Amino acid sequence: MIRDWVCALLAGCACGGAAAERVEAELKNAGDSVAAVYYAIGGPVPRDGDIRATTMRGGRFSLDVPDSDSVYEVLFFPTEAAERIDPKRPGRGWVPETKVCRFYLFPGERVRVKGVLSDSMLVWNVDTPLYERKHKAERGEYTNYRLREYRAAREAERVFAGGASEDTIRAAFDRSRRWRQAQRGWERAWIEEHPDDELAGLYLLRASAYDDLDSLYGLLGANVRNGRLKPLLDDRMASYREMLATEKARERMRTSADIQAPDFTLPDVQGEPFTLSALFGKGRYVVLDFWGTWCGWCVKGIPRMKTYYSKYESRVEFVGVDCNESEQDWREGLEKYRMPWPGVWAGDDRSVQTAYGVEAFPTKIVIAPSGRILKRFEGESEEFYRYLDSLPDGVR
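First, a word on scope: everything that follows refers to the structure included in this document.

Rules and cut-offs
Residues numbered from 1 in each chain as written. Predicted model: local features only at pLDDT ≥ 70, side-chain atom pairs only at ≥ 80, totals over all residues. Heavy atoms only, no water. Helix = DSSP H or I, 4+ residues; strand = E, 2+ residues; numbered from the N terminus. Polar contact = N/O pair within 3.5 Å; in protein donor to acceptor, adjacent residues only side chain to side chain. Disulfide = S-S within 2.5 Å. Buried < 20%, exposed > 50% of the residue type's maximum accessible area, 1.4 Å probe, protein only. Axes fitted to C-alpha atoms, helices over the stretch in contact; angles between N-to-C directions. Left-handed = near helix turned anticlockwise from the far one by under 90°. Contact = heavy atoms within 4.5 Å. Salt bridge = Lys/Arg side-chain N within 4 Å of Asp/Glu carboxyl O. Pairing = 2+ DSSP bridges. Right-handed = clockwise from strand over helix to strand, strands pointing away.

By the element assignment, Glu-382 lies in helix H14 (residues 382-390). Spatially, the C-alpha atoms of Glu-382 and Thr-293 are 21 Å apart, while their sequence positions differ by 89 residues. One polar contact links Glu-382 to Arg-304, side chain to side chain, over a distance of 3.0 Å.

Below is the structure:
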């Protein structure tokens, strides 16, 4: 996520307010500005334009985070950290996790953050009991793992950019991955030893989607599962189980034959309910195109899609399923790209994506006139168009 946000810093925009700042920070050796974003957990995911750069004076800056019932995640990093990674793109580029400060801000909390930026990492602490406990726990072995991962990742990037052999590049990235796995192992051991500490819940929230979160969640004490982290933990576990269901559906569609396309009803451009199964049994194939205006490859493929829609309109119906964006963005995209086929809006409702195992965009699903799934294609693929050319008439 950080890679996406860093790509669109809006330099010169201030985040601070007058007297109600809830976050005050002092960062040594950090330059003159910091990039920051804060957002309510469970609310909209930040977009590129939500991250802002604000001026630091003597290494000091503040953030006026709303004081509400919401739990916020606060994330910031010195723009100097990005400039050291890529001096040709000041204030932009990839920032490693070791240079990022991120923490949760609970209702009523006000915090002071102090940190020191070095070539290796940003060492920081926050003056609340939970985060002080976190930094105390992570001193030593865990911090060493993070530092080694960072150095291994930089080495992997160096050999990759230098045109090393595939085996050398793979080995370099494997070293970085092993140190990351060491951190995950340390976190799991800490949870096992301190199941009733809120910090155990924070480690679960930081865990990778590919970790066994059900197992980690089972280690947490009841007071943590039902405490102030409960909304965050519940949301994290719901997302995790949705991911597992998506992967299961994707694998089933890959390996099984004669699967009926899951039915759904979503609003069309007129706001009327569109039901997929209404297209079945009418002698036409159906192509579901999972896309979004935010997806560069989705947009890039629209002209070719238009050509093939015109070519096979009499026997193939296209349906665009817009995902992961606001209705306004979807409608503006329809107006801009003038797609002639029906479109429906899924928004933040991921149930249809989950049912079809959609993890990549664009994903195109080809369905027989009877409603059987014939083929799926991920990415903008030439193979998809060749497959449309090969479809026979009259298939049920």
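From this point, things continue past the structure.
A separate point is the state of the cysteines. Applying the stated criterion to the full structure yields one disulfide. Disulfide partner of Cys-295: Cys-298, at an S-S distance of 2.4 Å. Linking Cys-295 and Cys-298, the disulfide has an S-S dihedral of approximately 80 degrees and is accordingly described as right-handed. Residue class for Cys-298 comes out buried when judged on its relative accessible area of 6%.

This paragraph deals with the packing of helix H5 (residues 166-193) against helix H6 (residues 198-206). One can describe the packing of H5 onto H6 by two numbers: an axis separation of 9 Å at closest approach and a directional angle of 150 degrees. H6 is crossed by H5, and the crossing has left-handed handedness. Of the residues in H6, those touching H5 at Arg-184, Trp-186, Glu-187, Trp-190 and Ile-191 are Leu-199, Ala-200, Tyr-203, Leu-204 and Arg-206.

As enumerated under the stated definition, the model contains 31 salt bridges in all. Arg-154 serves as the salt-bridge partner of Glu-157, at 3.9 Å between the closest nitrogen and oxygen. One end of the pair is Glu-157 and the other is Arg-154, both in helix H4 (residues 141-161) and three residues apart, which spans about a single turn. In this structure Arg-154 comes out as partly exposed when scored by relative accessible area, which is 33%. Here Glu-166 makes a salt bridge to Arg-170, at a shortest N to O gap of 2.6 Å. Within this pair, Glu-166 and its partner Arg-170 are both found in helix H5, separated by four residues, close to a single helical turn. For Glu-166, a relative accessible area of 57% translates into the label exposed.

Ordered in space as S4-S1-S7-S8, the four strands form an open sheet in which the pairing is mixed. Looking at strand neighbours, the two that pair on one side only are strand S4 (60-63) and strand S8 (122-126), the edges of this open sheet. Across the sheet, the axes of successive neighbouring strands diverge by a mean angle of 20 degrees, strand direction being ignored. The sheet contact formed by strand S1 (residues 23-28) and strand S7 (residues 111-117) spans six bridges and is parallel. Bridge pairing in S7 places Glu-26 opposite Lys-114.

To continue, consider the side chain of His-135. When you line up the elements, His-135 lands in helix H3 (residues 129-138). Classification of His-135 by relative accessible area gives buried; the value is 12%. Apart from the residues lying within four places of it in its own chain, the contact partners of His-135 are Trp-124, Asn-125 and Val-126.

Of all five residues in strand S13 (residues 343-347), four are buried, a share of seventy percent or more. For strand S12 (residues 316-323) and S13, the ladder comprises four bridges, and the chain directions are parallel. Counted as the bridge partner of Asp-322 is Trp-345 from S13. Of the crossover connections in this fold, the one passing from S12 over helix H12 (residues 327-337) to the parallel S13 is right-handed.

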